[in-house]
Each structure stands twice: as structure tokens, then as C-alpha cells.
Amino acid sequence: MFIILAGPPGAGKGTQAKQISKRFSIPHISTGDILRKSKHLTDEEKEIVNTGGLISDDRMGEIVKKRLEEPDCNQGWLLDGFPRNRKQALFLEENLPVEIRPRVLYLEVPDEEIIDRLSKRLTCESCHAVFHKDANPPEKEGICDECGGNLVTRKDDQPDVIQKRLEVFHEKTEPLLKLYDEKDMLITVKAGDDRGISKVFSLILRELQPTE
Ligand code: AP5
Ligand code: MG
């Protein structure tokens, strides 16, 4: 199964990706996690990630191409955070074998809910597991349930940066949805209005499983 998971910042892409990846035994490839983990970013690139801009398309293309060539990607993958604009979408299309036609799963969440989700998000600095102070709290305050690492607030989860990331999403990424819809690749899942994490996962499964 080949899935592109799309949605605004804080839509729940990482949260759902983890469960989808486990259910269908496909690798979860988050370009944001790759960048945050990378020891090879320039100072300028680190600044872009922390302030909600976009890393250059050439650099992202190189990173994604290399990752998709790894053997665990042969039978499927879930891309979280790529493509983010037309140039990246075109790059992906050109670099995939013709028989691979990913499904684009769009998590639709109103902007108002994004602010709440991101301002209360906690992220593990070791394994990148994601929690939420109210919707998905860790068992022990400040400690990751998965690996015992420290939970921190991401640098780009400050109110002004969240606003910028939303603007970038609406301007650059949202137009791709129309493009994928025209190609009949788009599945939209309503993932806001207080639908909890497990409810959203069951809505996703309903969309993905009939053709399994
Ligand atoms: P990236 O890491 O991809 O960030 P993002 O797209 O802004 O998305 P987030 O990771 O913030 O949110 P999410 O949708 O994963 O939500 P989550 O599951 O955590 O990118 C970061 C940066 O890297 C970019 O700004 C850019 O600079 C750079 N970058 C990455 N890819 C790039 C590319 N292709 N090109 C150029 N630059 C690139 O959930 C959020 C919170 O909500 C959590 O607390 C969670 O517990 C909670 N939550 C989840 N679901 C629910 C629910 N149903 N109800 C209530 N709470 C919920
Ligand atoms: Mg994420």
C-alpha cells in the first residue's frame, strides 16, 4: 500500500501515520522527522524548519528519493509531509514506477483547532512520539510512554510560527488536493470537530480497507 498523508500542520498526520504504518506494515516516512533528526542541516536550513518555511525542493527531492530506494519501501510506504507543493508532487510522480499510484489521504481539520492541538502538543526528543496535554497525555508527566525520553515542545509550535505554517499550507500545499482529486487519487477524511484520535483512525480504515 502506498499512501501520501496530507493535511495542515497539526492535523494528526504523525499520530495517524504511526497506527496506519503498524496496521499495514509499511514504513512511516516523515520528512519533518528526517529533517529534525538530521545532523547535516545547514544553519539556514535549521532556521527554516524552526520558523515554518519550506526547505528547498531539490534538497527535499534528494532526501525522499534516497529514502524510497531503501529495501523496506519495496512493498509500500506512507509519506508524511511530502509533497508539499507542485514541484515536489511532480518530482514524486516522475520518480515513481508507473505501476505505483499512491492514495492521497487528506486529514481535514479547521484552522481554529490547529492552534489548540499544536500549542498543547508534546514531542519526544528521542523517538519523536507525539502526545497532547489533553487529548493524548503521557502516563508520566514529561516522559515518553514509548521510550522513556524527555517530552519537549517543538521549536515551531510557537503561536506566530503555527500561523506561518498554516499560511504556507494554504498557499503551497492545499492546491495539490485539487490536482490529486482530478486524478481520482484523493480521499478526504474529516479529522476535526472533536473527532478523537481513535475515531479518526477508524474513519481512515473504513476508506483504506475495502480494497485490501
Ligand atoms: P512536519 O514535521 O511535516 O510538520 P507539519 O506538516 O507542520 O505537521 P506536524 O508534524 O506539526 O503535525 P501532524 O499533522 O503530524 O500532527 P500530530 O500528529 O503531531 O514539518 C516540519 C517542518 O519541516 C516544515 O515546516 C518545513 O520547514 C520542513 N519540511 C518538512 N517536509 C518538508 C517538505 N516536503 N518540503 C519542505 N520543507 C519541509 O498531531 C498534532 C497534535 O494534535 C498532537 O499533540 C496530537 O496528540 C494531537 N492530535 C492528533 N489527532 C488528534 C485528534 N483527532 N483530536 C485531538 N488531538 C489530536
Ligand atoms: Mg508530524
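Just above sits the structure.
Residues numbered from 1 in each chain as written. Chains lettered and ligands numbered in written order. Predicted model: local features only at pLDDT ≥ 70, side-chain atom pairs only at ≥ 80, totals over all residues. Heavy atoms only, no water.

Peer 1: Where do I start with helix α1 (residues 13-24) in this structure?
Peer 2: An α-helix turns once every 3.6 residues. As a result, residues three or four positions apart point the same way. With 12 residues, α1 extends 16 Å between its outermost C-alpha atoms, agreeing within 8% with the 16 Å of an ideal straight helix rising 1.5 Å per residue. For α1, every residue scored as buried is listed here: K13, Q16, A17, I20, S21 and F24. Buried residues of α1 fall within an arc of 135° about the axis and therefore sit on the same side. For α1, the elements touching its buried residues are β1 (2-6), β2 (28-30), β3 (77-80), β4 (103-108) and α8 (197-208). Count one or two residues on from α1 and you reach S25, which has phi positive near 50°. (Helix = DSSP H or I, 4+ residues; strand = E, 2+ residues; numbered from the N terminus. Expected span 1.5 Å × (residues − 1). Buried < 20%, exposed > 50% of the residue type's maximum accessible area, 1.4 Å probe, protein only. Arc of directions from axis to C-beta. Contact = heavy atoms within 4.5 Å.)

Peer 1: I would appreciate a short explanation of unusual backbone geometry in the present structure.
Peer 2: At the junction of F82 and P83, the peptide bond is cis and its omega measures out at 0° in the coordinates. Considering the arrangement of structural elements, one finds P83 in the loop between β3 and α5 (86-95). Phi is positive for S25, close to 50°, though the residue is something other than glycine. Its relative accessible area of 65% is what places S25 among the exposed residues. With a phi close to 50°, D193 is a non-glycine residue in the positive phi region. The topology assignment puts D193 in the loop between β8 (186-190) and α8.

Peer 1: What exactly am I supposed to notice about the pattern of salt bridges here?
Peer 2: Two side chains with opposite charge may pair up if their charged atoms get near one another. For the structure shown, the criterion picks out 20 salt bridges. The shortest N-O distance in the salt bridge between R67 and D72 comes to 2.8 Å. Using a relative accessible area of 39% as the deciding quantity, one classes D72 as partly exposed. Sharing partners across several salt bridges, the network here consists of R121, R154, D156, D157 and R165. (Salt bridge = Lys/Arg side-chain N within 4 Å of Asp/Glu carboxyl O.)

Peer 1: Would you mind going over the packing of α1 against α8 with me for this structure?
Peer 2: When two helices pack together, you describe them by how their axes are tilted relative to each other and by the distance separating the axes. Packing of α1 against α8 brings their axes to within 10 Å, and their N-to-C directions diverge by 45°. In terms of axis orientation, α1 runs oblique to α8. Read as a crossing pair, α1 and α8 show a hand that is right-handed. From α1, T15, Q16, Q19, I20, R23 and F24 reach across to α8, where they touch I197, V200, F201, I204, L205 and L208. Each residue belonging to the contact of α1 with α8 can be placed in one class, and the counts come to eight nonpolar, three polar and one charged. (Axes fitted to C-alpha atoms, helices over the stretch in contact; angles between N-to-C directions. Parallel < 35°, antiparallel > 145°, perpendicular 65-115°, else oblique. Left-handed = near helix turned anticlockwise from the far one by under 90°. Nonpolar A, V, L, I, M, F, W, Y, C, P; charged D, E, K, R; others polar.)

Peer 1: What is the right way to look at the layout of surface pockets in this model?
Peer 2: Of the pockets and cavities examined, the second largest pocket occupies roughly 450 Å³. Along the wall of the second largest pocket there are 17 residues; nearest its centre are R36, N50, H128, R154 and K155. Looking at the lining of the second largest pocket, the elements that each hand over two or more residues are α2 (31-37), α3 (43-51) and β5 (121-124). A breakdown of the residues in the lining of the second largest pocket according to their chemical character gives five nonpolar, five polar and seven charged. (1 Å grid on protein atoms, 1.4 Å probe; cavity = no way out; pocket = protein on both sides within 12 Å on 5 of 7 lines; lining within 4 Å. Points joined across faces, edges and corners; volume = space filled by probe spheres on them.)

Peer 1: Can you help me understand empty space enclosed by the protein in this one?
Peer 2: Sizing a probe to match a water molecule and rolling it over the atoms shows the empty space that remains. For the structure shown, the criterion picks out one cavity of 30 Å³ or more. Quantified by volume, the largest cavity comes out at close to 40 Å³. As for the largest cavity, its lining consists of I4, A6, P83, V104, T173, L176, L177 and Y180. Those elements giving two or more residues to the lining of the largest cavity turn out to be β1 and α7 (159-182).

Any functional reading would require information that these geometric values do not contain.
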